[in-house]
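Remarks on the overall topology
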Amino acid sequence: MRALGIIALWVVGLFLLAIVPIPREGLLAYVKPLLLLIAIVYSIYRISNGMMPRYRSTGQLLWQMTYIGICGFVLFFLVAPLIAVIPLSFTSKAFLNFTPEMLNFDPAGYSIRWYKIMVGDCSDAVVTTVCGDKWKIGAWNSLLIGLTATFLATVLGTLAAIGLTRPNVPGRKLITAFMISPLIVPLIITAASLFFFFAKVNLIATFAGVVLAHTVLGLPFVVITVTATLSSFDHNLMRAAESLGGGAWKNFRQVMLPLIMPGVISGALFAFITSFDEVVIIIFMGGADQLTLPKQMWSGIRQEISPTILAVATILVILSVVMLTTVELLRRRSERIRGISPA
Amino acid sequence: MSDATAPNQPLMTSDGRLLKDALQQSLRRSKLKALGLISIPFLFLVIVFAMPVFNLLVKSVDDNLINEVLPRTFAIYEDWDGTELPGEAHYEAMFLDLTGAEGIQIGKASTRMNYDKSKWKSLIKKSARKFKNIESGPYKEVMIKTDKKWGDITFWQSLGSMKDPYTFGYYLNAVDLRYNHDKSVTAQPENRRIYKMLWGRTLLVSLIVTVLCLILAYPVSHLLATLPLRYSNLLMICVLMPFWTSLLVRIVAWMIMLQQNGVVNDALVHNGLLDDENRLAMMYNFTGTIIVMTQILLPFMILPIYSVMRTISPNYMKAAQNLGASPALAFLKVYMPLTVPGVGAGVILVFIVAIGYYITPELVGGKDGQLIGNQIAYHLKSSLNWGLASAMGVMLLAGILILYWCYDKIVGIDNMRMG
Amino acid sequence: MSAQPAIRFDKVQKSYDGEVLVVKDLNLDIAKGEFLTMLGPSGSGKTTCLMMLAGFETATNGDIFLNDRRINDVAPSKRGIGMVFQNYALFPHMTVAENLAFPLEVRKMSKSETESRIKRALDMVELSGFASRRPLQLSGGQQQRVAVARALVLDHEVVLMDEPLGALDKQLREQMQYEIKHIHENLGITAVYVTHDQAEALTMSDRIAVFDDGVIQQLSSPEDLYERPENSFVAQFIGENNKLVGTVKAESNGVSDVEVPGAGTVRAKTVNTQGIGGDTLLSIRPERVHINPESGALENTMTGKVEELIYLGDHIRTRMSVAGNDEFIVKVPNTQRQSMLKVGESATIGFQTEACRALDV
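None of the values given here were measured: they were computed from a predicted structure.

**Digging into the environment of Phe77(A)**
Residues and elements named next belong to chain A. By the element assignment, Phe 77 lies in helix H3 (residues 58-88). You can call Phe 77 partly exposed: it has 17 C-beta atoms within 10 Å. Taking the C-alpha atoms as reference points, Phe 77 and Ile 145, 68 residues apart in sequence, are found 33 Å from one another.

The structure is reproduced here in structure tokens:
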């Protein structure tokens, strides 16, 4: 934990160093970038050196520094854009970059007006920005479609996984491959196929059509996670339950389901987030009544990006962290239940 | 299998049945139970997924539209030798077909005919209107009088390639080829050749993204797999957070980073590394597509490589060093070969996902970052050339299924794990 | 023991987190040609010591010498020490021959030399026909032999083994113990062996270092370790042991008079007490206790109640309640059948002063 504190201090230090303005002319203009470079290289050196045994050669140290440098860059590359969104969503201006006021930590540079606009409170809206209930409606529709599709996908996927993990299933591999294929087939192809097909049965621009399509997309995740959980499930437990005279449903409810619950919930979360984030299907066959959050974002991005989108994005980033933490905790819990790893 | 000491008497159960039969029967019951459980989701997927995809396949070769409108014309089309203008019978058939069909059908068919030969649409549109005032023949003369094009033999010849109710024409179009009227294959005219370039670009982008992901993922996966768990769990959040974040959010985030007045350009200018006039163009072009797709797909590369690396016992590296190999050599000769399964899985997974990408290039690709997925969407939504869209979709799907099969061979679908 | 030790730990300490020492002030000389076993429960620091010797962990403090050369800062690949890993660490993507050739190739040995060495090493472990198999196609015992062969293919003078037999079943383990012992004797190499199995340690070693809590509790021959444990941890960790707690009342000529509640005064050999007035733990091996001895033949006698009898063929394992300890075990040789005990009866037990060691509590 102490090491983490030091790392955090370093990051903050580097960040502050990076935003200090420099004069355009003269020697000073070169001092800051140089200082920044030295600070970064020194941090990499400290981390690398700490990880190496004393008998390392200089060549090995340089290698290690390159390695740590690349790893640091990649992790930065992965999260930096997402992190950058958060402070920007609190801008008081209608621009999508850091204003001088924000960099100087001037309170006037920050505001929550874009969050207000997001929830439909238009008191702070400027003339040029669109303000209305669209985000609220979108969120509500996304939630509704997501939950319905998740429910269907979870029930169907769990059924399939239980069937597939029973002994003596003919053509198990082929069926599994088929069940997972919606994950592999590009969304644009799925969208095209369903578009033509649903047109024939009048499901275009209907709630049911979107839900069915999202169920198809979510199903593979449930199959995968529940199958994985079941692969370490001791089938003797079910035999024992049967020998104790329980009926099939009772045994499933009271013996199997509690044990595979973490896998089921993980799968459901994956299915939900898939539906909640889904863009392609919805823009191909969602009607005006199926305005979801991604669809609203899509049109927002294509027309003109206002910081309102950043406010939505911030909420979604936080949501993703919550989701991933939940899945991680569930995974650990499931391992603990099955005695794979101690606590 | 069985050995020589097996008794000649077949084994029986206590109630006198053949043991083999009894086993078979109980096996069958268990099979039926399993299939019963699978059947509901299986049927669901067949109806809502497999059948629509099959329908796409049918659509990509379906060319019945013109046949529905011009049944009489096509019935006697074979009688014509194709060297000079056809006789009165053909003109009469054409006249009756065009006056007999519904306007909406004629419109669709003529659009389709226009894909093969331009001006068909305008000719039919004009003629259909004027034919209403014509009472009787001889049709050949009257029709040519209505529009000179009816006297142009190339229009009659072009019908030859439309006669078949099934066509591979869309597939040919998807690779910049087309049928001549005599069903021989030639290249599209120069100005209509774009698809080969698009397929090439799609492959190129997928390849670049895959290679970049591999280069970036390998060291990070190694770091995550070798660090003590409490540190690696923390760093893992950096990998999983983008994985769980909405695609559109990530794209928005990159727009903010990479645009002309974005964070990266601002930071570079601010720190004196770049002049204000020379801001880098990193968005709405090829570079943007590559950068954003790499970041989006990176977790798909890191996770499988990481999970394989995690299972490689650190003792292998220790043993190699104990046997005299330098750390570098031990890594090259012992560690790397053991990571091949993870690398294979990651590479195929990323390539499969990249090749079908649509949203990302649409939003950040600008003009020279568009991929085949965008073209499919264009034909689906804007040009309404659904046959071509289907054909391109089916080709893409075929390529992906081959890769999926390879993935199964290398990793096994059963081993697919999430998160 | 020769004058110059092959391996020397000098005041070695090791800490992973800067707070807890897992190895505390280790001083250990290992002679050339010796078979030394580091024995201890898990977490006692024995494997850490081995890893420091192999070079995979660095000592936080102190020095490690190999043939009088300080090797703290020598890379593992340059130390010239053979090692057999827990679960063998045979490279799964290489054949047996390729595994054995690995260290030879690294040293750029000629092809003919490589082949002859591989052949010799495989002959030594009686696996000549298996050169082209992959490790996963071999049984556990065979993999174990390959691991030994790989550690020895370079004629290292020192070989380290980290619980090499842990993954084998009991019978195979015993067989492999003798094989490793013979290989060690034939080659005259120095072997450092880590295990938590005391039977294994007693069978194979010249000397055993018993580790607990990062400290060597006792370093001596197997016989000394069993017969003359120097503290209560060793006495309890090695073999079976009866415990009686008492207070030292008097001490002279290496013999303590210990007052044991419920058993009177017991005369015990002073080993590790805190002097007169201090508490002590008396340790008596079960086979040294006699039932119903002739009066006057043994210095210490007391009465106990028979709680349980287990017939084991050559002896009868008798559990008794003595001085408040109802886990007091006596091994009664089957020759005393005539004086068969019965559960619930009282009996006199006795033992020599020599057999009773006064240790720390």
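**Description of unusual backbone geometry**
In the Ramachandran plot, Asp176(B) falls in the positive-phi region, its phi being about 65° despite a non-glycine side chain. With respect to the secondary-structure elements, Asp176(B) resides in the loop between helix H9 (169-174) and strand S1 (177-179). Residue class for Asp176(B) comes out partly exposed when judged on the 18 C-beta atoms lying within 10 Å of it. Despite not being glycine, Ala89(C) shows a phi value in the positive range, around 50°. Along the chain, Ala89(C) falls in the loop between strand S6 (81-84) and helix H2 (96-106).

**Details of the interface of chain B and chain A**
Taken together, the contact pairs 78 residues of chain B with 83 residues of chain A. The leading source of residues in the side of chain B that touches chain A is helix H1 (residues 19-61) of chain B, at 20 residues. Here the side of chain B that touches chain A is built from residues that sort into 55 nonpolar, 15 polar and eight charged.

**Remarks on the sheet that holds strand S18 (residues 325-333) of chain C**
All names here are of chain C. Taken together, five strands build an open sheet; the order of strands is S15-S19-S16-S17-S18 and the sheet is antiparallel. A single partner strand is all that each edge strand has here, and the edge strands are strand S15 (290-291) and S18. Relative to strand S17 (residues 315-322), strand S16 (residues 300-311) runs antiparallel, the two being bridged by six bridges. Bridged to Lys 305 within S17 is Ser 321.

**Section: the environment of Glu200(C)**
All names here are of chain C. Mapping Glu 200 onto the fold places it in helix H6 (residues 198-204). Using a count of 22 C-beta atoms within 10 Å as the deciding quantity, one classes Glu 200 as buried. Taking C-alpha positions, Glu 200 is 7.1 Å from Gln 177, a pair spaced 23 residues apart along the chain. Contacts of Glu 200, omitting those with residues within four sequence positions, involve Leu 165, Gln 177 and Thr 195.

**Structural notes on the pairing of S6(C)**
Residue and element names in this part refer to chain C. Here S6 shows two buried faces, one formed by Ile 81 and Met 83 and the other by Gly 82 and Val 84. Where S6 meets strand S7 (residues 158-162), four bridges bridge the pair, whose relative direction is parallel. Of the residues in S7, the one forming a bridge with Met 83 is Leu 160.

**Considering the packing of helix H6 (residues 134-164) of chain A against helix H11 (residues 248-276) of chain A**
Residues and elements named next belong to chain A. At a minimum axis distance of 8 Å, the contact between H6 and H11 shows a crossing angle of 140°. Compared by their axis directions, H6 and H11 come out oblique. Of the two possible hands of crossing, H6 and H11 adopt the one that is right-handed. Together, Ser 142, Ile 145, Gly 146, Ala 149, Thr 150, Ala 153, Thr 154, Gly 157 and Thr 158 of H6 and Val 264, Gly 267, Ala 268, Ala 271, Phe 272, Ser 275 and Phe 276 of H11 make up the contact between the two elements. Taken together, the residues of the contact of H6 with H11 break down into eight nonpolar, eight polar and no charged.

**Remarks on the packing of helix H10 (residues 195-226) of chain B against helix H16 (residues 327-355) of chain B**
Residue and element names in this part refer to chain B. Relative orientation of the contacting elements H10 and H16 amounts to 145°, with a least axis distance of 9 Å. Every pair of crossing elements has a handedness; the one defined by H10 and H16 is right-handed. Counting all contacts with H10, which are made through Thr 202, Val 205, Ser 206, Val 209, Thr 210, Cys 213, Leu 214 and Ala 217, the residues of H16 involved are Val 343, Gly 346, Val 347, Val 350, Phe 351, Ala 354 and Ile 355. Grouping the constituent residues of the contact of H10 with H16 by class yields eleven nonpolar, four polar and no charged.

**Brief notes about the sheet that holds strand S3 (residues 35-39) of chain C**
All names here are of chain C. Taken in spatial order, the six strands of this open sheet run S6-S7-S8-S3-S9-S10, and their pairing is mixed. What marks the edges here is a single partner per strand, and that holds for S6 and strand S10 (215-220). Strand-to-strand, the axes of this sheet are offset by a mean angle of 20°, without reference to chain direction. Strand direction decides the pairing type here: strand S9 (residues 207-212) and S10, joined by five bridges, are antiparallel. Paired with Phe 211 across the two strands is Ile 216, which belongs to S10. Contacts from helix H4 (residues 140-152) reach S6 and S7, with the element oriented near 170° to S6.

**Examining the domain arrangement of chain A**
Each assigned domain of chain A is listed here: domain 1 (2-88) and domain 2 (134-303). Between the C-alpha centres of domain 1 of chain A and domain 2 of chain A there is a distance of 42 Å.

**Description of the pairing of S17(C)**
Residues and elements named next belong to chain C. Counting the residues between successive antiparallel strands, the hairpin from S16 to S17 contains three residues, one of them, Gly 313, with a positive phi of roughly 85°. Of the pairings in the sheet, the one linking S17 to S18 comprises seven bridges and is antiparallel in character. Its bridge partner being in S18, Ile 316 is matched across the sheet by Val 332.

The rules behind the values
Residues numbered from 1 in each chain as written. Chains lettered and ligands numbered in written order. Predicted model: local features only at pLDDT ≥ 70, side-chain atom pairs only at ≥ 80, totals over all residues. Helix = DSSP H or I, 4+ residues; strand = E, 2+ residues; numbered from the N terminus. Buried ≥ 20, exposed ≤ 12 C-beta atoms within 10 Å, placed from the backbone. Contact = placed C-beta atoms within 7 Å. Nonpolar A, V, L, I, M, F, W, Y, C, P; charged D, E, K, R; others polar. Pairing = 2+ DSSP bridges. Axes fitted to C-alpha atoms, helices over the stretch in contact; angles between N-to-C directions. Parallel < 35°, antiparallel > 145°, perpendicular 65-115°, else oblique. Left-handed = near helix turned anticlockwise from the far one by under 90°. Domains from an automatic or database assignment.

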